[in-house]
Amino acid sequence: MSALRRRLAPAGGPEQGQIMLLTLAFGVLVLVLVLVVASASAVHIERKRLLALADGAAADAADAVDPAAYYAGAGSPGQSTRVPVSDASVAAAVQQYLRAAPPALVAEFDRLRVAEPTGTPDGTTAQVTFTATARPPLVPWVLLPWSDGIALRVTSTAQAG
């Protein structure tokens, strides 16, 4: 290298300042990844809480005997020993369960609704489906396509005993 080039070159060499830009870019990338993972985890936890609420409602609805079906089959030979449930008894039990639940628990969910298929597929199984909307707490600018929230849908079943 000639003496003139050495004198005109920066003191740290031609790569001076490049590592700072690279470090800043990786720092921003890591921060965005952490925020996205935290938001995804929050949505997953909210779905699990909604599923727990549906499990409780299904277990309660499985004990909701349908009086007409119960007395119609009482004493019949070959009659199942399971408690008969109907779509109406399951729906009524789910509504009663939601009314009896602590208001703070039900208020945790945005747009909580009882959805189809809520009822009984076979007369002895209670099936409960809830829908709600999750709103991730972090990174709203990354999730602009889901600005109305992320729709959650859970279904839980319980066998009548």
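Anything mentioned here points back to the structure above.
A brief structural summary.

What counts and what doesn't
Residues numbered from 1 in each chain as written. Predicted model: local features only at pLDDT ≥ 70, side-chain atom pairs only at ≥ 80, totals over all residues. Heavy atoms only, no water. Helix = DSSP H or I, 4+ residues; strand = E, 2+ residues; numbered from the N terminus. Buried < 20%, exposed > 50% of the residue type's maximum accessible area, 1.4 Å probe, protein only. Contact = heavy atoms within 4.5 Å. Pairing = 2+ DSSP bridges. Axes fitted to C-alpha atoms, helices over the stretch in contact; angles between N-to-C directions. Expected span 1.5 Å × (residues − 1). Arc of directions from axis to C-beta. Core = buried A, V, L, I, M, F, W, Y, C linked by side-chain atoms within 4.5 Å.

1. Thoughts on the overall build of the protein chain
Here is step 1: Helix and strand counts for the protein chain stand at five helices and three strands.
Here is step 2: Secondary structure elements in the protein chain, listed N-terminal to C-terminal, are α-α-α-α-α-β-β-β.
Here is step 3: Residues counted as buried form 31% of the 161 residues belonging to the protein chain.
Here is step 4: Contacts spanning at least 24 positions in sequence make up 66% of the contacts within the protein chain whose residues lie at least 6 apart.

2. Quick word on the sheet that holds strand E1 (residues 110-119)
Across a sheet, paired strands are connected by hydrogen bonds in the backbone, their directions being either parallel or antiparallel.
Here is step 1: Taking strand neighbours across the sheet as the criterion, the three strands line up as E1-E2-E3 in an open arrangement whose pairing is antiparallel. Every other strand in the sheet has two partners, leaving E1 and strand E3 (150-159) as the edge strands with one partner each. This sheet shows a mean twist of 20 degrees between the axes of neighbouring strands, independent of strand direction.
Here is step 2: When strand E2 (residues 125-134) meets E3, the two strands line up antiparallel, connected through ten bridges. Directly across from threonine 131, in E3, lies its bridge partner arginine 153.
Here is step 3: Packed onto the sheet, helix H2 (residues 18-62) meets E1, E2 and E3 and runs at close to 30 degrees relative to E3.
Here is step 4: The sheet strands contacting helix H4 (residues 87-100) are E1 and E2, and the helix crosses E1 at an angle near 160 degrees.

3. Notes on H4
Here is step 1: The terminal C-alpha atoms of H4, which comprises 14 residues, lie 20 Å apart, in line with the 20 Å expected from a rise of 1.5 Å per residue.
Here is step 2: Residues of H4 that are buried include every one of Ser89, Val90, Ala93, Val94 and Leu98, and no others. Mapping the buried residues of H4 onto a view down its axis gives an arc of 165 degrees, with all of them on the same face. Relative to its buried face, H4 has exposed residues pointing more than 90 degrees away, namely Ala88 and Arg99.
Here is step 3: Contacts from the buried residues of H4 go to H2, helix H5 (103-107), E1 and E2.

4. A short note on the pairing of E1
Here is step 1: Summarising the sheet, E1 and E2 pair through five bridges and their orientation is antiparallel. Residue pairing for E2: arginine 113 is matched across the bridge by threonine 131.
Here is step 2: With antiparallel pairing between neighbouring strands as the criterion, E1 and E2 make up a hairpin whose turn holds five residues, including glycine 123 at a positive phi of roughly 90 degrees.

5. Some remarks on the nonpolar core
Here is step 1: Of all hydrophobic cores here, the largest spans 25 residues; its most connected members are Leu50, Val90, Val94, Leu112, Val128 and Phe130.
Here is step 2: Of all the secondary-structure elements, those providing two or more residues to this core are H2, H4, E2 and E3.
Here is step 3: It is H2 that provides the largest number of residues to this core, a total of eight residues.
Here is step 4: Here phenylalanine 130 is in contact with Leu50, Leu53, Ala54, Ala57, Val94, Leu98, Leu112, Arg113, Val114, Leu152, Arg153 and Val154, once residues within four sequence places are set aside.

6. So, unusual backbone geometry
Here is step 1: With an omega of 5 degrees, the peptide bond between glutamate 116 and proline 117 qualifies as cis.
Here is step 2: Secondary-structure assignment places proline 117 in strand E1.
Here is step 3: With phi around 60 degrees, arginine 111 is a residue other than glycine that occupies positive phi space.
Here is step 4: Relative to the assigned elements, arginine 111 resides in strand E1.

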